[in-house]
Amino acid sequence: MGEKFAAALARAATGNEITKQQIIDLLSALPGEEENKLFQLADQVRQKYLGNEVHLRGIIEFSNFCRNDCFYCGLRRSNKQIQRYRIPIEEIIETAKYAAELGYGTIVLQSGEDLHYSGQELAEIIRQVKKVGGFAITACVGERTWEDYTLMKEAGADRYLLKHETADPILFSQLRPETTLKERIKGIQWLKELGYQVGSGNIVGLPGQTIETLVEDILLLRDLDVEMAGIGPFIPHHQTPLGNNSPGDLSLTLKTLAVTRLVLPQTHLPATTAVGTLHPEGRKLALASGANVIMPNLSPVSYREKYQIYPDKAGSREKPTESHAKITSLIKEVGRSVSTGRGDSPKDKFKTC
Ligand code: SAM
Ligand code: SF4
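The present account deals with the structure reproduced in this document. (Residues numbered from 1 in each chain as written. Chains lettered and ligands numbered in written order. Predicted model: local features only at pLDDT ≥ 70, side-chain atom pairs only at ≥ 80, totals over all residues. Heavy atoms only, no water.)

## Re the pairing of strand β3 (residues 136–140)
- Burial analysis of β3 places five of its five residues in the buried class, the great majority of the element.
- Neither face of β3 is exposed, since A136, T138 and C140 on one face and I137 and A139 on the opposite face are all buried.
- Inspection of the sheet shows strand β2 (residues 106–111) paired to β3 by five bridges, in the parallel sense. Across the sheet, the residue bridging to L109 is A139, located in β3.
- Taking the sense of rotation as the criterion, the β-α-β connection linking β2, helix α5 (residues 119–132) and β3 turns out right-handed. (Buried < 20%, exposed > 50% of the residue type's maximum accessible area, 1.4 Å probe, protein only. Helix = DSSP H or I, 4+ residues; strand = E, 2+ residues; numbered from the N terminus. Pairing = 2+ DSSP bridges. Right-handed = clockwise from strand over helix to strand, strands pointing away.)

This is the structure we're talking about:
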């Protein structure tokens, strides 16, 4: 082990705050012993603070319309090659009932940034889904107004997922035209003020990103003190301007995840669908590197192929029953247990949820 790496790892193991330079030293872990030690420590920290359970968050992708034009995403408005859909409320409810039968503690209602739905309408969907079971509801519908966030919260949304995507403000606006990192962060802060359990996160391997950007990503997640952080690799989509770029690197994604676990010991970290798409063992490896959440896709089969944020998304050809069975057996295979509760943030302020 290199000296700088060993010192940074030893400091992280004490549970004390680590410096920017130490984050760089950890992210620079070399394959073999250094990476293994980093992943082992992240796994121990996950065990200590969050236990053995893996929380399932069932995703319903209810609309693939989007007003934005993100360079990395297949749902971007300029992609005329995808068939757009909105799932009727009755079908959303049916899916939620199915999730309740399977014992899901959380439903994630996800969509493109679709202004067809007013804040009131989003709130009504949340209210109806919430009536189906004792789930926690996570909304993941992009940037909305303070009023819309308020309406959704009042309707029963417990959590909101708004990834910051990249902490580099220039890269952010290059890859997400007409939008700014500043506005995105303002949205995340509003959500916190409104009492949501907030999820954010970043993409690893975006063209133009450096190790320093990843350090800034981790520091931003620390500053925002998020309750969840989705950290997944970039997967190129041929119908986007980044179609010819290389995907994010598996080992760098796992290292970013592991270092985030060391910096944010109480934060829920998913083994993302993107890491499962990048590599067949991706989710397993992520679970061994600090992750404690999986977000199985529960969308009805007829819509799955159309929600192509990137191609061949893990599980996109499966029936919801298959996705569920595969994921629960994967969790058991790695010696972990499937959580039966809502999986709220363990932070004191959310203890009564
Ligand atoms: N539209 C909402 C938003 O952007 O916040 C929510 C849905 S969006 C499809 C969910 C996430 O997909 C984004 O936060 C982004 O990180 C991820 N994503 C989109 N395209 C991706 C790609 N090509 N590779 C990896 N992740 C991608
Ligand atoms: Fe729309 Fe979200 Fe895709 Fe951007 S990442 S194009 S906001 S769905």
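Read on, since the account is not over.
## Topic: the site of ligand 2
- Lining the immediate surroundings of ligand 2 are C66, N68, C70, Y72, C73, L75, R76, G112 and R176.
- Partitioned by chemical class, the residues of the shell around ligand 2 number five nonpolar, two polar and two charged. (Near = heavy atom within 4 Å. Nonpolar A, V, L, I, M, F, W, Y, C, P; charged D, E, K, R; others polar.)

## Points about the site of ligand 1
- Taken together, the neighbourhood of ligand 1 is formed by 18 residues, with Y72, K163, E165, R184 and I235 sitting nearest.
- One nitrogen or oxygen atom from the side chain of E165 is found 2.6 Å from an oxygen atom belonging to ligand 1.
- At 3.0 Å from an oxygen atom of ligand 1 is found a side-chain nitrogen or oxygen belonging to R184.
- The class makeup of the residues in the shell around ligand 1 is ten nonpolar, four polar and four charged. (Polar contact = N/O pair within 3.5 Å; in protein donor to acceptor, adjacent residues only side chain to side chain.)

## Remarks on the pattern of salt bridges
- For the coordinates displayed, the defined rule picks out 28 salt bridges.
- In this structure, the salt-bridge partner of R144 is D148, at a minimum N-O distance of 3.1 Å. Of the two residues, R144 and D148, neither departs from the other in class, the shared state being buried.
- Several salt bridges converge on common partners, so that one network encompasses K130, D158, R159, R342 and D344. (Salt bridge = Lys/Arg side-chain N within 4 Å of Asp/Glu carboxyl O.)

## Some points on the packing of aromatic side chains
- Taken as a whole and assessed by the stated rule, the structure comprises six aromatic pairs.
- With 4.8 Å between their ring centres and 40° between their planes, Y85 and Y303 make a pair best called tilted. Of this pair, Y85 sits in the loop between β1 (53–63) and α4 (89–102) while Y303 sits in helix α13 (residues 301–304), and the two are 218 residues apart along the sequence. For the pair Y85 and Y303, a shared accessibility class is recorded, and that class is buried.
- When the centroid spacing of 5.1 Å and the interplanar angle of 80° are considered together, the rings of Y149 and Y160 count as edge-to-face. Note that Y149 is positioned in helix α6 (residues 146–154) and Y160 in strand β4 (residues 159–161), a separation of eleven residues in sequence. Neither residue differs from the other here; Y149 and Y160 are each classed as buried.
- Among the aromatic residues, those joined into a cluster by ring pairs are W146, Y149, Y160, W190 and Y196. (Phe/Tyr/Trp six-rings, centres within 6.5 Å; stacked < 30°, edge-to-face > 60°.)

## Some words on helix α8 (residues 181–193)
- The terminal C-alpha atoms of α8, which comprises 13 residues, lie 18 Å apart, in line with the 18 Å expected from a rise of 1.5 Å per residue.
- Along α8, the positions that sit buried rather than exposed are L181, R184, I185, G187, I188 and L191. Along the long axis of α8, the arc covered by the buried residues comes to 150°, so they all point the same way. The outward face of α8, more than 90 degrees from its buried face, is lined by the exposed residues K182 and E193.
- On its buried face, α8 sits against α6, β4, α7 (169–175), β5 (197–204) and α9 (211–224).
- Just downstream of α8, G195 is the residue with a positive phi angle, here 90°. (Expected span 1.5 Å × (residues − 1). Arc of directions from axis to C-beta. Contact = heavy atoms within 4.5 Å.)

## What about the packing of α5 against α6?
- Between α5 and α6, the least distance of the axes is 8 Å, while the angle of their chain directions is 20°. Viewed along their axes, α5 and α6 adopt a mutual orientation that is roughly parallel. Two packed elements cross with a definite hand, and for α5 against α6 that hand is right-handed. Each of G119, Q120, L122, A123 and I126 in α5 lies in contact with α6, whose residues at this interface are D148, L151 and M152.
- For the contact of α5 with α6, the per-class residue count stands at five nonpolar, two polar and one charged. (Axes fitted to C-alpha atoms, helices over the stretch in contact; angles between N-to-C directions. Parallel < 35°, antiparallel > 145°, perpendicular 65-115°, else oblique. Left-handed = near helix turned anticlockwise from the far one by under 90°.)

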